[in-house]
Amino acid sequence: MTETADVVIIGSGIVGSSVAYHLAESGCTNVLVIEREAHQGKGSTGKSMGGVRAQFATDVNIQMSRYSIDFFSRFDEVVGHPADYRAHGYLFCATNERQLDYLKTNRARQLALGVKDVELVSREDILKFVPQLRADDIIGGTFCPTDGFVDPHSVMMGFMLKARECGVRLWLDTQVTGIETESLNAGTAGFSPAERGTESSLDNPEPPSKRRASETPAVLVTAVPIEHRVTGVQTSRGFVSTNIVVNAAGPWAAQVARLAGAELPVEPLRRQLVPTEPFNQLPQRFPMVIDMSTGFHFRREGKGILLAWNDPEEKVGFKTEFDPKFVEKILTRAADRVPCLVDAEVNPRRAWAGLYEMTPDHHAIIGPAANVAGLYFVNGFSGHGVMHSPASGRITADLILKGNSDLIDTRALGLQRFAEGRLLEETAVL
Ligand SMILES: Cc1cc2nc3c(=O)[nH]c(=O)nc-3n(C[C@H](O)[C@H](O)[C@H](O)COP(=O)(O)OP(=O)(O)OC[C@H]3O[C@@H](n4cnc5c(N)ncnc54)[C@H](O)[C@@H]3O)c2cc1C
């Protein structure tokens, strides 16, 4: 008998797991998540630094963070599993007026969007958090106490466990090798699901021309005639019949999109993290500290310190081995800002590398494919996929089940923005 599912999700990382959870919470439980690895978390999710913050520069990122951080603060109670959310804050440190103006502008935007507790802080305030900083060139900064960290593995497992309790199925060790579509001839051409407006049904897309005037859609995507629609996926376990496929394949998202003949501008980019051995010369608890002069940032991880810096020389590609030469590069930046870190011991074998999934404007792509009905993207988080996982799961489930979402203006993150030149600009990328 052919396997069938209402929705197939490709990828069981934190994003695919959140989509599964949000679909199940909305009553859509005939969902199959397909993961090629034998265990969850082998992709970017297992490599993440776990940072969550609302201190962003664009409305849509701030809105996604607001929803997500509130969700993380209630995660254990709502999902029934721990997220290990620690509200230790993010502390941005500016070393020139341009950076400080930028933080002030962002703060005004964050306050306007309901992130009420972002504070402007002085050099003296900053030194109270971490007295060991070299602060002679720091002129001020911002601090948000509800920013902080989660355990990405726990969040992913929590979402998936709860989804499975509701009936969602998870196939591990199974690769999706093809996405089957059928051609729609000119006479029966459909429209992108986001075109269907709020009254849409999964099986019966109604073109805008047939919609009643009162059903003005909340999502006004340019009418793109659909050339194909999804009929199923080919996997290493056989064919699965479905009309809805969600691409949650993280850094491999462009490859998965191509299986359906769709182009997706998502590229993998290596990021490396270096933990120190136990280190007691810094406080036991302090925020994520960001040195805006270099982009170096760090936080406590257990008894040691986790050091991060995005090397601008890194080139696009599927490279996940850690480069031992990176240790010296990052320690130079670390010791410059936190002189006592010269005493920190680092074992390069405990350091690791993973992949960011980058888009041209450093914002996620969430929503339907332009020319394949039933194919949805939730990709390209550009370093923010863990912190935005609650919002992205909810938005994707809303789009599939209702055709729109009240969480954000979904047009902002739709793939169409690239074709229409409506790129967003997020400069607060870490
Ligand atoms: C070093 C580093 C630090 C980071 N720090 C942060 C941070 O502090 N905060 C933050 O929010 N984000 C951070 N990120 C980004 C974050 O980790 C990612 O955005 C997020 O994990 C993406 O989740 P995902 O579920 O989309 O992708 P993934 O976790 O990569 O999951 C995708 C899954 O799809 C599966 N897959 C792919 N192709 C197929 C196929 N054909 N068939 C079946 N399965 C398939 C893969 O095996 C994988 O398990 C960091 C990333 C890195 C690398």
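Higher on the page you've got the structure.
Just so it is clear, the model here is predicted, and its values are computed rather than measured. Each chain carries its own residue numbering, running from 1 in the written order of its sequence. In keeping with the model being predicted, local features are shown solely for residues with a pLDDT of at least 70 and side-chain atom pairs are shown and tallied solely at 80 or more, while totals for entire chains, interfaces and linings include all residues. Processing note: side-chain calculations cover all non-hydrogen atoms of the structure and skip hydrogens and water entirely.

Chemist: When you look at the overall build of the chain in this model, what are you seeing that I'm missing?
Modeler: Helix numbering and strand numbering both begin at the N terminus, where a helix is a DSSP run of H or I of at least 4 residues and a strand a DSSP run of E of at least 2. Looking only at helices and strands, the chain has 9 helices and 21 strands in total. When a residue's accessible area, from a 1.4 Å probe over protein chains only, is under 20% of the maximum for its type it is buried; when over 50% it is exposed; and in between it is partly exposed. By residue count, 54% of the 430 residues in the chain fall in the buried class. Contacts in the chain between residues far apart in sequence, at least 24 positions, make up 78% of those at least 6 positions apart. Of the roughly 17600 Å² of accessible surface on the chain, 49% is carried by carbon and sulfur atoms. The contact criterion used throughout is that any non-hydrogen atoms of two residues lie within 4.5 Å. In this description, accessible areas are obtained by the Shrake-Rupley approach with a 1.4 Å probe, and a residue is regarded as covered only by the protein chains that are shown.

Chemist: How do you make sense of the site of the ligand when you look at a structure like this?
Modeler: Whether a residue is near a molecule or strand depends on its heavy atoms: it is near if one of them lies within 4 Å of it. Around the ligand sit 38 residues, and of these Glu35, Ser44, Thr45, Gly51 and Met387 come closest. In protein, a polar contact requires one atom able to donate a hydrogen and another able to accept it; more generally it is a pair of N or O atoms within 3.5 Å, and residues adjacent in sequence count only if both atoms are side-chain atoms. Thr45 is positioned such that a nitrogen or oxygen atom in its side chain is 2.5 Å from an oxygen atom of the ligand. In the model, an oxygen atom of the ligand is placed 3.4 Å from a nitrogen or oxygen of the Gly50 main chain. When the ligand sits alone it has 1000 Å² of accessible area, and the protein chains cover 98% of it. Counting residues per element, the ones that place at least two in the shell around the ligand are α1 (14–25), β14 (267–275) and β18 (352–358). In terms of residue class, the shell around the ligand is made up of 17 nonpolar, 15 polar and 6 charged. Nonpolar residues are Ala, Val, Leu, Ile, Met, Phe, Trp, Tyr, Cys and Pro. Charged residues are Asp, Glu, Lys and Arg, and all others, Gly as well, are polar.

Chemist: Even after reading the chapter, I still don't get helix α3 (residues 97–112), so can you show me in this structure?
Modeler: An α-helical turn contains 3.6 residues, so any two residues separated by three or four positions project in the same direction. An ideal rise of 1.5 Å per residue puts 22 Å on 16 residues; α3 measures up with 22 Å between its terminal C-alpha atoms. Burial in α3 covers these residues: Gln99, Leu100, Leu103, Asn106 and Gln110. The arc enclosing the buried residues of α3, seen along the axis, measures out at 125°, which places them on a common side. Residues of α3 that are exposed and point over 90 degrees away from its buried face: Glu97, Arg98, Thr105 and Ala112. Those residues of α3 that are buried are in contact with α2 (59–79), β5 (90–94) and β7 (140–144). Phi for Gly114, located one or two positions after α3, is positive at around 95°. Multiplying 1.5 Å by the helix residue count minus one yields the expected span of that helix. The arc in question is traced by the directions running from the helix axis to the C-beta atoms.

Chemist: Whenever I open this one, the sheet that holds strand β2 (residues 7–10) confuses me. Can you help?
Modeler: Strands pair in a sheet through their backbones, by hydrogen bonds, and they do so in one of two ways: parallel or antiparallel. Pairing within the open sheet is mixed, and its 6 strands lie in the order β9-β3-β2-β13-β21-β19. Strands with a single pairing partner mark the edges of an open sheet, and in this sheet they are β9 (169–171) and β19 (365–368). Here the strands of the sheet are splayed against their neighbours by 20° on average, with no regard to which way each runs. One requirement defines pairing of two strands: DSSP has to find at least two bridges between them. Here strand β3 (residues 31–34) runs beside β9; their pairing, made up of 3 bridges, is parallel. From the neighbouring strand, Val33 faces β9, where its bridge partner is Leu170. Lines fitted to C-alpha atoms define the axes, with helix axes restricted to the stretch in contact, and inter-axis angles between N-to-C directions lie between 0 and 180 degrees.

Chemist: Explain the side chain of His297 to me, please; I cannot follow it from the model alone.
Modeler: For His297, the location among the structural elements is in strand β16 (residues 297–301). Since its relative accessible area comes to 5%, His297 is described here as buried. One polar contact links the side chain of His297 to the main-chain carbonyl oxygen of Gly295, over a distance of 2.9 Å.

Chemist: Which parts of the structure should I look at to understand unusual backbone geometry?
Modeler: For residues that are not glycine, phi is negative in most cases, and the peptide bond is trans in most cases. Backbone geometry places Asp173, a non-glycine residue, at a positive phi of 60°. Under the relative-accessibility criterion, Asp173 is labelled exposed at 56%. In the Ramachandran plot, Ser382 falls in the positive-phi region, its phi being about 55° despite a non-glycine side chain. Here Ser382 lies in the loop between β21 (375–379) and α8 (389–402).

Chemist: Help me understand the environment of Gly16, please; the structure alone is not making it clear to me.
Modeler: Looking at the secondary structure, you find Gly16 in helix α1. With residues up to four places along the chain from it excluded, the contact list for Gly16 reads Ile9, Gly11 and Ala248.

Chemist: What is the right way to look at the packing of aromatic side chains in this model?
Modeler: Aromatic ring pairs: the centre-centre distance and the angle between the two ring planes describe each pair. A pair of aromatic rings is counted whenever rings of Phe, Tyr or Trp (Trp by its six-membered ring) have centres within 6.5 Å, and the orientation is called stacked for planes under 30 degrees apart, edge-to-face for over 60 and tilted otherwise. Considering all chains together, one arrives at 14 aromatic pairs under this definition. The interplanar angle of 50° and the centroid separation of 5.6 Å between the aromatic rings of Phe286 and Phe298 together place this pair among those described as tilted. Of this pair, Phe286 sits in the loop between β14 and β15 (288–291) while Phe298 sits in strand β16; the two residues are 12 residues apart in sequence, bridging distant segments of the chain. Under the relative-accessibility criterion, Phe286 is labelled buried at 3%. Centroid distance Trp309 to Phe326: 6.0 Å. Interplanar angle 20°. Geometry classified as stacked.

Chemist: What is the right way to read empty space enclosed by the protein from this model?
Modeler: To locate leftover empty space, one rolls a probe as large as a water molecule over the atoms. Points on a 1 Å grid, built from protein atoms alone, make a cavity when a 1.4 Å probe fits but cannot get out and make a pocket when they are open with protein on both sides within 12 Å along at least 5 of 7 lines; residues with an atom within 4 Å of a point are the lining residues. Grid points are joined across faces, edges and corners, and a volume is the space filled by probe spheres set on the points. According to the stated counting rule, one finds 3 cavities of 30 Å³ or more in the structure shown. Reported here for the second largest cavity is a volume of approximately 60 Å³. Along the wall of the second largest cavity there are 10 residues; nearest its centre are Gln55, Leu103, Asn106, Gln110 and Thr142. It is α3 that contributes the most residues to the lining of the second largest cavity, 5 residues altogether.

None of the figures reported here should be taken as evidence of function without further support.
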